[in-house]
Every structure is written in structure tokens, then in C-alpha cells.
Amino acid sequence: MSNNGSKKRKRVLSGVQPSGNLTIGNYLGALKQWAREQHNFESFFCVVDLHAITVPFDPDELRTKTREVAALYMASGIDPEISTIFVQSHLPAHSELSWLLNCLTPLGWLNRMTQFKDKAAKQQAESVSSGLLNYPVLMAADILLYQADAVPVGDDQRQHLELTRDVAQRFNHMFGDTFTVPEAMIPPSGARIKALDEPTAKMSKSQVDSEYHAAYLLDPPNRIKKKIMRAVTDSGRDIEFSTDPERAGVNNLLEIYQAFTEKSSEEVLADFADARGYGDLKKRVVEVVNEGLTPIQQRYNDLTSEAGYVDEILAKGAERAAEVANATLELVRERMGFLKAHV
Ligand code: TYM
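The rules behind these values
Residues numbered from 1 in each chain as written. Predicted model: local features only at pLDDT ≥ 70, side-chain atom pairs only at ≥ 80, totals over all residues. Heavy atoms only, no water. Near = heavy atom within 4 Å. Polar contact = N/O pair within 3.5 Å; in protein donor to acceptor, adjacent residues only side chain to side chain. Helix = DSSP H or I, 4+ residues; strand = E, 2+ residues; numbered from the N terminus. Nonpolar A, V, L, I, M, F, W, Y, C, P; charged D, E, K, R; others polar. Salt bridge = Lys/Arg side-chain N within 4 Å of Asp/Glu carboxyl O. Buried < 20%, exposed > 50% of the residue type's maximum accessible area, 1.4 Å probe, protein only. Core = buried A, V, L, I, M, F, W, Y, C linked by side-chain atoms within 4.5 Å. Domains from an automatic or database assignment. Contact = heavy atoms within 4.5 Å. Buried area = accessible area lost by both parts, 1.4 Å probe.

Close to the ligand lie 27 residues; Tyr135, Asp142, Asp156, Ile193 and Lys205 are nearest. Here an oxygen atom of the ligand and a side-chain polar atom of Tyr135 are 2.5 Å apart. Within the residue set of the shell around the ligand, elements represented by two or more residues are strand 1 (11–16), helix 1 (24–37) and helix 7 (130–145). By residue class, the composition of the shell around the ligand is 12 nonpolar, 10 polar and five charged.

The subject of this paragraph is the pattern of salt bridges. Per the stated rule, a full pass over the model turns up 20 salt bridges. A salt bridge links Lys32 to Glu262; the shortest N-O distance between them is 2.3 Å. Of the two residues, Lys32 sits in helix 1 while Glu262 sits in the loop between helix 10 (248–261) and helix 11 (265–271), which places them 230 residues apart along the sequence. The class of Glu262 is exposed, set by a relative accessible area of 58%. Of the charged contacts, one joins Glu68 and Lys65 as a salt bridge, the two residues approaching to 3.3 Å between their closest N and O atoms. Note that Glu68 and Lys65 are positioned in helix 3 (residues 59–75) at a spacing of three residues, about one turn of the helix. The class of Lys65 is buried, set by a relative accessible area of 10%. Among the charged side chains, a salt-bridge network with shared partners connects Arg11, Glu42, Arg320 and Glu323.

This part takes up the nonpolar core. In this structure, Ile24, Leu31, Tyr73, Phe260, Leu281 and Val289 are the most contacted members of the largest nonpolar core, which totals 59 residues. Ranked by the residues each element gives to this core, the list is headed by helix 12 (residues 278–305), at 10 residues. The two domains that each donate at least three residues to this core are domain 1 (4–187 + 306–336) and domain 2 (221–301). Among all residues touching Val289, those that are not within four sequence positions of it are Ile24, Ile224, Ile228, Ile256 and Phe260. Among the nonpolar cores identified, the runner-up in size contains 41 residues, and Cys46, Leu133, Leu161 and Val167 belong to it.

This part takes up the domain arrangement of the chain. Domain annotation for the chain reports domain 1 (4–187 + 306–336) and domain 2 (221–301). On a C-alpha basis, the centres of domain 1 and domain 2 stand 31 Å from each other. Each side of the interface is counted separately: domain 1 has 11 residues, and domain 2 has nine residues. Approximately 890 Å² of surface area, both sides summed, lies buried where domain 1 meets domain 2, with 73% of it carried by carbon and sulfur atoms. Contact with domain 2 buries area across many residues of domain 1, yet Ile24, Leu28 and Ala75 alone supply 51% of it, more than any other trio.

Right, dumping it as C-alpha cells:
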């Protein structure tokens, strides 16, 4: 059995929170590259349920979404024969390492996190949990337990990855070389998908107050069409990539098109050379999104129609993940000076 000591291939680890409905942003920024990279790296993909409780949550929904997200990993092409798919809370090592690292992480580092500030600002001050502040340390624990070399994520996780690197380096400096210092792996297109109804804001799975905010992976084709045809654009006609915030809507649609088709920017623009305005642009975006989502939805329906299948994969995944995670945790405990429980 391989463990940290006998790591043969480079590793990746990544995760998605089981909160809300997964969006095409989650797919293009994360899942799509996981499915590709599993052939190049030894891969660990977890459903980060412990992160999902850092904001108000419902237990029934947490249960349902945890299975749904795991099934969507597989439906998106992550093969449980190749990659390890597991649930974060099935391994106590994640919570334990998180505590150990929290005690080594300066509060100032956490106070600087923009995602904490954004999420905290959306809640009443007195209901913001200290878990939300400590969230990035749990994420660091997720990554460092597997000695991951690379972490495939969307652009919004860049700052959390920087913190993970800082925590790893601090630990290595204090207690000797223990953790691999991981790199963020951010895809060239699709890493920053914006909201359809507000193209200067990130498309988010937890923004439930607006029906036209996000395209979900499990939306039927007619709903995808309705959402994209209503996407906010501008009053111009030019179909081109742009960093101008006024033109963010068109840029976002082009980026979605590019990420689904995997074409170069030149090829994308050539595809629209004959388009007659934004209506044409939107129609073609609808086509490529639905072409991309249909097979995912079919696989999702197949996987979830077999009772117990997803749970079985998760049980096997937890076993495999534990081999690696527990070996790292043991080393950490020893380095930090904790006594072994047994003689
Ligand atoms: P989460 O659940 O918010 O998002 C999951 C993944 O989807 C990416 N993503 C996007 N990519 C492009 N455009 C978007 N609009 C978009 N929205 C989300 C995210 O960058 C992410 O890769 N903290 C993480 C979960 C996590 C994690 C980890 C990730 C916990 N532990 C360890 C990597 C490694 C999060 O909240 O992701």
C-alpha cells in the first residue's frame, strides 16, 4: 500500500462544498479539469461537508447535497476506479489537523481573507460563526493531509491556496520538513465564470434569491436556454473578449463558450464572425452548454438510480483516503510532540 513515504506520482486534491446547486462555474473551474488531470496525477476529490456548516445550513439538505455532489463528480467524468472520491467528515483526520494548524495560524492571516469578509458581510454580525473565520485552515488541512502537489480550483480560491502555502511553510520551518507546499492549478479559461444576471459578480451556487443568477449542472435544457437568453449584456453589438466591466456580460458568454468547446480565443471569435448580434451569440452558447451538460445529466440519472451505489463508492474512497491522511497526521503529531496513545 502506498502512503506519504512511497508517493509515486504527483498528487492533486480538491473539493466542492455540498451547499446549493452546482453551477457551470463549479464545472468549468473545477470538475472539468479534475476529470482531465486524474490521468496525470494521483487524485483525491472530497465533498467538503465540514466546510458547508460554516454558514447556516439544514441537516436534511446537507445529507442530500453530499450524495448529490459525489454523484456529480462521477457524472462529470471522475472515475472512482482511477481517483479517490470521499466525504471529508468520514475522516476525523481533517478536523484534527485543522485544530492543530489553527493553533499555528496567526489570526491576522485569517482576518485578511476576502472570502471571509464577503461572506461575513452577508450575515448579521452576531450570527457569523468562528468556523467561517477558520474555514481556510480546514481547507489547508484537507490539502496538506494528502501531501498534494497541486490543487485544481477556480480563481476565487487563489487566496486560500496562498494561505495553505504559508501554513505549510510555517509548519515546516517550526517542526522540520513535513508538508509538500502545494501549487494552485487554475484553468486558462472558465476559472472566473460570472453571474448571468450580474456579470461583474461571481456565479455562485449559494445565491438562491435570483432565478437568473446561475446555470446549474442539473438544469434541464429549456431552463438553461431561458437563463442564458436572459443574460445581461450591453447596448453594443460587438462580439469580442473584453476586460471592460461595461462589457462583462458578453465577455462572460464568450468565456463560457470557450471553456465548454476548449477552442482558442481566435477560433471562438471566428465562430461568431457571422453572428447577427447578441441573440445569435446567446443561442450558440445555449447549444454548447446543453451539449456539455446532457451527457453529465444522463450519467447522473444512471448513477443515482442504482440504490446504494454512491454510498459504496464513498465508503471505499474513505478507506483509501484514510491510508494517506492518517499517515500524515501521525507524522504531524510526532513532530509536534504529542505522545502516542499506545505503548
Ligand atoms: P466551492 O464549493 O465554493 O467551489 C468549488 C470549486 O468551484 C470553483 N468555482 C468556480 N470556478 C469558476 N467560476 C466560478 N464562478 C466558480 N465558483 C466556484 C471554486 O474555485 C472551487 O474550485 N473552499 C472551497 C472548497 C474546498 C477546497 C478544499 C478546494 C475545501 N477544501 C481543498 C480545494 C482543496 C470552496 O468553497 O469551493
